[in-house]
Amino acid sequence: MSNKQVVYNVAIYLRLSKDDGDNIESESITNQRKIIKDYINKHQEMKLYNEYVDDGYSGANFNRPAFNKMLRDIEAKKVNMVITKNLARLGRNYIETGSYIEKYFPDHRVRYIAILDRVDNFKDSVNNDFIPIKSVFNEKHCRDTSVAVKKTKRRKMQEGFYACTTAPFGYKKDLDNSGKLIIDEESSNTVKKIFELKEQGYTTPQIVKYLDSNHYKTPAEYLNIKGLENVKDKNVWRRSSVTRILGNKVYLGHCIRGKSQNISYKSKDRIYVKRNDFIIIENTHEPIISEETFNKVHNINKYGTIQAHNGTNYLFRDFVYCKNCGKKLIFKKERKKVYIYCRTNSENSKLCNNGCKINYEQVEDRIFEFIVHMYKEYFENSKSKDNLYKKYTESTIKEEVNNLESLKGDLRKINFKITSLYNQRLSDNIKEVDYKDRYNTLSVQRKDTTEKISQIEKEIEDNKLKLSTLNQKKIILKKVSKLEKDDLKKFNMGELIKKIEVFEREIYIYFNFSDSEIIKF
Ligand SMILES: [Zn+2]
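All figures in this text were calculated on a predicted structure; none of them were measured in a lab. (Residues numbered from 1 in each chain as written. Predicted model: local features only at pLDDT ≥ 70, side-chain atom pairs only at ≥ 80, totals over all residues. Heavy atoms only, no water.)

**Comments concerning the overall build of the chain**
Rules: Labels follow the DSSP assignment, with helices taken as runs of H or I lasting at least four residues and strands as runs of E lasting at least two, numbered in each case from the N terminus. Throughout, a contact is declared for two residues whenever any of their heavy atoms are within 4.5 Å. Each accessible area value is a Shrake-Rupley result obtained with a 1.4 Å probe; residue values ignore everything except the protein chains displayed when judging cover.
Across its full length, the chain holds 17 helices and 17 strands. The long-range fraction of contacts in the chain, counting pairs at least 24 apart against all pairs at least 6 apart in sequence, stands at 64%. Roughly 30,200 Å² of accessible area belongs to the chain as shown, and the carbon and sulfur atoms make up 48% of that amount.

Printed below as a string of structure tokens:
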């Protein structure tokens, strides 16, 4: 045997379960085994190490005994190649399956082959895109692929191949000439419609509304990926999808690569590459939109709303959230005024019904007003909530301390009784049965008393904390009260405020040291 020849110690992985339904015949263990063994026989460099059979285990998760045994053998370096008949044999949960193929196997230098799907993770060719898997994977998966793979892909992009996971919305990949984009009739009509509406002067929210009410399929819906039931509201159009489509030069027939991905159904994981990292190759496929329309649409965009700059003047910028969906509110400047909105709601009101649009300066003013009011109440009104609360807490602590002392006395008595009972038993002054009886009674008492003690100790701690919080509040309010509104801008609001939530015309302020307060507009 030549030294240079890599020898693969092959693990055959076979799996069958009820979820294979009608395919039970073609998917039978015997059939899987035969296909894989034929394959190994044709490849000299492959030597069968072992076969791992999970008969009766679902592919929905990886909680399978034989699979786990195989992983142990991989980790013990007994196996450096895994073969399955097809991808579904490895798993039906695409995300987890992909993580094995894209992460675990490469990390362990394991070559993985799914014969019928023509997947081989050691080969990086355009023909070898893990189409069934990649079609459901997003950026996260792209990020995980090795640098070498990325480099090859980049080179291919420069050659004009559409080498990435899925075709952009409006196109499909030519299966006879993979890497090349061809127009997908149905979704390309949606793209055309979006540009047409924009050209007619529709705003993005109006376009969203139009697409929704006319039941146009969304990009996520269009992918219609099996096994991805967790895509939330995939049939709902989002402003961001429309914006992305309107800005994508792929519709002009150019190939824009180097960007993480075009279609994303998991927006929070999206990663973007800086603009100058994009590669644009012109005229690689048939355009859907004319240059003229594209430019026209982008002139309209120029007059759209302008994002407020990242000024530090927005005192509560880091504190305002949507009460309904929990997302941070966005700041937008419109005609010299700054408004706060819920981004989710502006994407599509079906996703969050918080249609708040409040002038931010008004919010600041109202909160300052409230702080002043709080200060007055605190320092000028002896019967204020805080003062009453303080008095109440102080007397509660006093009561609890007394209680604690008497319970500690009880405990000492019980312990004394237990000790003397034990001595009685040692000197045979009491029978075993009676001893046990009395001991049990006393130990139950001891347990109860000990529990009560720790509970009261905790209550005392809590109340002391409340008192110190009240004192802290006093200190901060004193500090705040001496400041004018302009000085307040330099004040660290985090000392005073935990969070501000907005719902329509209501503002909920959560202070660091008291209950939440609601301000209505
Ligand atoms: Zn919201």
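Right, picking up where we left off after that structure.
**Thoughts on the coordination of the zinc ion**
As a reminder of what qualifies: Each metal's donors are the N, O and S atoms found within 2.8 Å of it, except that Na, K and Ca use a 3.2 Å limit; water is left out, so coordination can look incomplete. A four-donor site is called tetrahedral if each angle lies between 85 and 135 degrees; a four-donor site is square planar, and a six-donor site octahedral, when trans pairs exceed 155 degrees and the remaining angles lie between 65 and 115; all other cases are labelled irregular. Only protein chains enter the accessibility calculation, which uses a 1.4 Å probe; a residue is then buried when its area is under 20% of its type maximum, exposed when over 50%, and partly exposed in between.
All of the protein donors around the zinc ion are Cys 322 (SG), Cys 325 (SG), Cys 342 (SG) and Cys 352 (SG); their distances to the metal are 2.3 to 2.4 Å. One can describe the donor arrangement at the zinc ion as tetrahedral, given that its 4 donor atoms subtend angles of 103 to 116 degrees at the metal. Coordination of the zinc ion draws on donor residues from a single chain, spaced C-x2-C-x16-C-x9-C in sequence. You can see Cys 325 sitting in the loop between strand E11 (320-322) and strand E12 (330-334) and its partner Cys 352 sitting in the loop between helix H13 (343-347) and strand E14 (357-359), a full 27 residues away along the chain. What makes Cys 352 buried here is its relative accessible area of 1%.

**Considerations on the sheet that holds strand E1 (residues 8-16)**
What counts is decided by this rule: We treat two strands as partners when DSSP finds at least two bridges between them.
Spatially, 5 strands are ordered E2-E1-E3-E4-E5 in an open sheet, and the strand pairing comes out mixed. Every other strand in the sheet has two partners, leaving strand E2 (46-55) and strand E5 (119-120) as the edge strands with one partner each. Summarising the sheet, E1 and strand E3 (residues 81-84) pair through 3 bridges and their orientation is parallel. Of the residues in E3, the one forming a bridge with Ala 11 is Val 82.

**Regarding a positive patch on the surface**
Counted only if it meets this: The patches reported here contain residues having more than 30% relative accessible area and no salt bridge. Joining distances are 9 Å for like charges and 5 Å for nonpolar side chains (Val, Leu, Ile, Met, Phe, Trp, Tyr). Just to be clear on terms, a salt bridge is a Lys or Arg side-chain nitrogen sitting within 4 Å of an Asp or Glu carboxyl oxygen. Only four residue types enter the charge count: Lys and Arg as positive, Asp and Glu as negative, with His and the chain ends excluded. Where a charge lies is defined by one atom per residue type, namely NZ (Lys), CZ (Arg), CG (Asp) and CD (Glu).
Side chains of Lys 408, Arg 412, Lys 413 and Lys 417 sit close together on the surface and give a patch of like positive charge. Looking at where Arg 412 falls in the secondary structure, it is placed in helix H15 (residues 385-426).

**What about the nonpolar core?**
Rules: Grouping buried Ala, Val, Leu, Ile, Met, Phe, Trp, Tyr and Cys residues that are joined through side-chain atoms within 4.5 Å yields what is termed a nonpolar core.
Formed by 34 residues in total, the largest nonpolar core has its most connected members in Phe 316, Ile 367, Ile 497 and Ile 500. Counting residues per element, the ones that place at least two in this core are E11, strand E13 (337-341), helix H14 (360-380), helix H16 (432-481), strand E15 (497-503) and strand E16 (506-511). Tallying contributions element by element places H14 first for this core, with 8 residues. If near-sequence neighbours (up to four positions away) are discounted, Ile 497 is found in contact with Phe 316, Phe 319, Ile 367, Ile 509, Tyr 510, Phe 511 and Asn 512. By size, the runner-up hydrophobic cluster in this structure holds 22 residues, among which are Ala 167, Ile 194, Ile 207 and Phe 294.

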